[in-house]
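# Inside the fold
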Amino acid sequence: MGTKGRSIVGLDVDELIKVLNKALADEWLAYYQYWIGSKVLVGPMKGEVTTELIEHATDELRHADMLVQRIIQLGGTPILTPAEWMKLTNCGYDIPSDPHVKKILEQNIKGEQCAIDVYDKLMKMTQGKDPITYQMAFEILRDEVEHEEDLQGLEEDLVNMK
Ligand code: FE
Ligand code: FE
Ligand code: MG
């Protein structure tokens, strides 16, 4: 922990760490949802959608990395056990029990829309109070907005194929 770095944060740092850990739980679940979705996927445009899902999975894992780095920087302890993921998550986990491409896209779009909310709120919470976390939330939000648009684009292509 950087003590001076922590002291300039104009927020309850322990509260902020809790929010960051909740986002960390979301990112791991999003990672797995994309990753396992890319494996079980069936239906039209399978190749194209699989590529996109794997790309997004990689992004979610990078987001998890960014969050852990910031949590440690603030003197917090990142989630140490997967058992915490389902307890702390904001966005939950949608089991891809129906592997059809349409359903998988639907589930992941819902996840992205929730993630957009999470980082929009984090930006509002840290604005003018913690520029480092604010910048991180901005970078992640930019990816999540892109993810949503990518998936909705694929969904549209799917509809137009018929
Ligand atoms: Fe993410
Ligand atoms: Fe995402
Ligand atoms: Mg993409």
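Residues numbered from 1 in each chain as written. Chains lettered and ligands numbered in written order. Predicted model: local features only at pLDDT ≥ 70, side-chain atom pairs only at ≥ 80, totals over all residues. Heavy atoms only, no water.

### A closer look at the pattern of salt bridges
Oppositely charged side chains can pair when the atoms bearing their charge come close. Filter applied, for reference: When a carboxyl oxygen of Asp or Glu lies within 4 Å of a side-chain nitrogen of Lys or Arg, that pair is called a salt bridge. Each helix is a run of DSSP H or I of at least 4 residues and each strand a run of E of at least 2, with the numbering of both proceeding from the N terminus. Three exposure classes are used, based on accessible area relative to the maximum for each residue type with a 1.4 Å probe and protein chains only: buried under 20%, partly exposed in between, and exposed over 50%.
Following the criterion strictly, the structure yields nine salt bridges and no others. Residue Lys103 pairs with Glu106 through a salt bridge whose shortest N-O separation is 3.5 Å. Within this pair, Lys103 and its partner Glu106 are both found in helix α5 (residues 101-126), separated by three residues, close to a single helical turn. A residue is classified by how much of its surface remains accessible, and Glu106, at 35% relative accessible area, is partly exposed. Put simply, Asp59, Arg62 and Asp143 are held in one network by salt bridges that share partners.

### Some remarks on the coordination of the iron ion (ligand 1)
Under ideal tetrahedral coordination, the four donors around a metal are separated by 109.5 degrees; under ideal octahedral coordination, the six donors are separated by 90 or 180 degrees. Condition: The donor definition counts N, O and S atoms within 2.8 Å of each metal and applies 3.2 Å to Na, K and Ca; water is not among these atoms, so some sites may look incomplete.
The coordination sphere of the iron ion (ligand 1), as far as protein atoms go, consists of Glu27 (OE), Glu27 (OE), Glu60 (OE), His63 (ND1) and Glu144 (OE), spread over 2.0 to 2.4 Å. The sequence motif formed by the donor residues of the iron ion (ligand 1) is E-x32-E-x2-H-x80-E. In this structure the iron ion (ligand 2) is found 3.9 Å away from the iron ion (ligand 1), and Glu60 serves as a bridging donor for the pair. Taken as a pair, Glu27 in helix α2 (residues 13-40) and His63 in helix α3 (residues 46-73) lie far apart in primary sequence, 36 residues in all. As far as the burial class goes, Glu27 and His63 line up, both buried.

### Side note on the coordination of the magnesium ion (ligand 3)
Looking at the magnesium ion (ligand 3), the protein donor atoms are Glu52 (OE), His56 (NE2) and Asp150 (OD), and they sit 2.0 to 2.4 Å from it. Along the chain, the residues donating to the magnesium ion (ligand 3) fall in the pattern E-x3-H-x93-D. In this pair, Glu52 and His56 both sit in helix α3, four residues apart, roughly one turn of the helix. Residue His56 is classed as buried on the basis of its relative accessible area, which comes to 1%.

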